[in-house]
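Structural characterization, general
One letter stands for each residue in the lines below.
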Amino acid sequence: MTHDAARGAGIQLSPEWLSLLEPEFSRPYMAELRAFLKAEKAAGKVIYPPGREFFAALDATSPSRVRVVVIGQDPYHGPGQAHGLSFSVRKGQPIPPSLRNIFAELQADLSVVPPAHGGLTGWAEQGVLLLNSVLSVEHGLPGSHQGRGWETFTDAVIAAIDSGERPVVFLLWGKHAQQKGAAIDRQKHCVLSAPHPSPLSAHRGFFGCRHFSQANRFLIERGYEPIDWSATG
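Quick summary incoming for the structure in this document. (Residues numbered from 1 in each chain as written. Predicted model: local features only at pLDDT ≥ 70, side-chain atom pairs only at ≥ 80, totals over all residues. Heavy atoms only, no water.)

Considering the sheet that holds strand 6 (residues 190-194)
- Spatial strand order, 3-2-5-6: four strands in an open sheet with parallel pairing. Two strands in the sheet have a free side with no partner beyond their single neighbour: strand 3 (128-132) and strand 6. For this sheet, the mean angle separating the axes of adjacent strands, direction not counted, is 20 degrees.
- Strands strand 2 (68-72), strand 3 and strand 5 (169-173) of the sheet are contacted by helix 7 (residues 150-162), whose axis makes an angle of about 155 degrees with strand 3. (Pairing = 2+ DSSP bridges. Helix = DSSP H or I, 4+ residues; strand = E, 2+ residues; numbered from the N terminus. Axes fitted to C-alpha atoms, helices over the stretch in contact; angles between N-to-C directions. Contact = heavy atoms within 4.5 Å.)

Here it is as structure tokens:
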């Protein structure tokens, strides 16, 4: 898929990201992924988020502005929730349990009062890349689009950030994210790992991890602006 084809399909991808990722759109796995998504849609399957938002995380945070990367698994699978940013939901949707736990840890760490909504656009606009490993899902079926090619694409996104000159913070919550980030250069970047914020695992070490303050400390020590974690958008 060329840049023109991507735009023709309603997919936005900035020139800056395209310069890093354009070879991915010509690889066989991407053609297979496109064919799979087209067939699912033709079969009447409901897919989240809408196709124009598959790359919303990249649209919201250009590579030169990435300061923190949060790696999620796949989009929320309920109506109106997913909008292309990991852990984030559209305003007006109930805040999911994992995100409530993220807000609870943020409050304990930096005394940030939890917002009344679950939208994290404000983080993305500051340079927090909210990247899911898989960028689409079928309604009601978590994990349904795993193994179809998205993982290869998002590996390329992570590799592009990893190989950049600027040190960034990677927040790896849960075994899936930790495996996804296994190859990150820890000499250059700050890699913080903790259990997933899900209610099933948050009490095993996510609560008390203080990742938000640690991320800002790393950024400040290297001359970068810290993230205003209270500005969720």
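Regarding the nonpolar core
- Core analysis: the biggest nonpolar cluster contains 69 residues, and W123, L129 and F153 have the highest contact counts within it.
- The biggest single contributor to this core is helix 7, with six residues.
- Among residues more than four places away in sequence, those in contact with W123 are I102, F103, L106, V128, L130, F212, D228, W229, A231 and T232. (Core = buried A, V, L, I, M, F, W, Y, C linked by side-chain atoms within 4.5 Å. Buried < 20%, exposed > 50% of the residue type's maximum accessible area, 1.4 Å probe, protein only.)

Digging into helix 5 (residues 97-110)
- For helix 5, which comprises 14 residues, the first-to-last C-alpha distance of 20 Å matches the rise-based estimate of 20 Å (1.5 Å per residue) to within 8%.
- S98, L99, N101, I102, F103, E105, L106 and D109 are the residues of helix 5 that are buried.
- At the C-terminal side of helix 5, S111 shows a positive phi close to 60 degrees. (Expected span 1.5 Å × (residues − 1).)

Some points on the pattern of salt bridges
- Scanning all chains against the criterion turns up seven salt bridges.
- In this structure, the salt-bridge partner of R222 is E221, at a minimum N-O distance of 3.5 Å.
- Its relative accessible area of 57% is what places E221 among the exposed residues.
- One network of salt bridges, with partners in common, ties together E40, K45 and E138. (Salt bridge = Lys/Arg side-chain N within 4 Å of Asp/Glu carboxyl O.)

Brief notes about the environment of S64
- Relative to the assigned elements, S64 resides in the loop between helix 4 (56-60) and strand 2.
- Looking at S64, the relative accessible area reads 44%, which means it is partly exposed.
- Distance in space between the C-alpha atoms of S64 and I161 is 9.0 Å, their sequence separation being 97 residues.
- Setting aside its immediate chain neighbours within four residues, S64 contacts E16 and R166.

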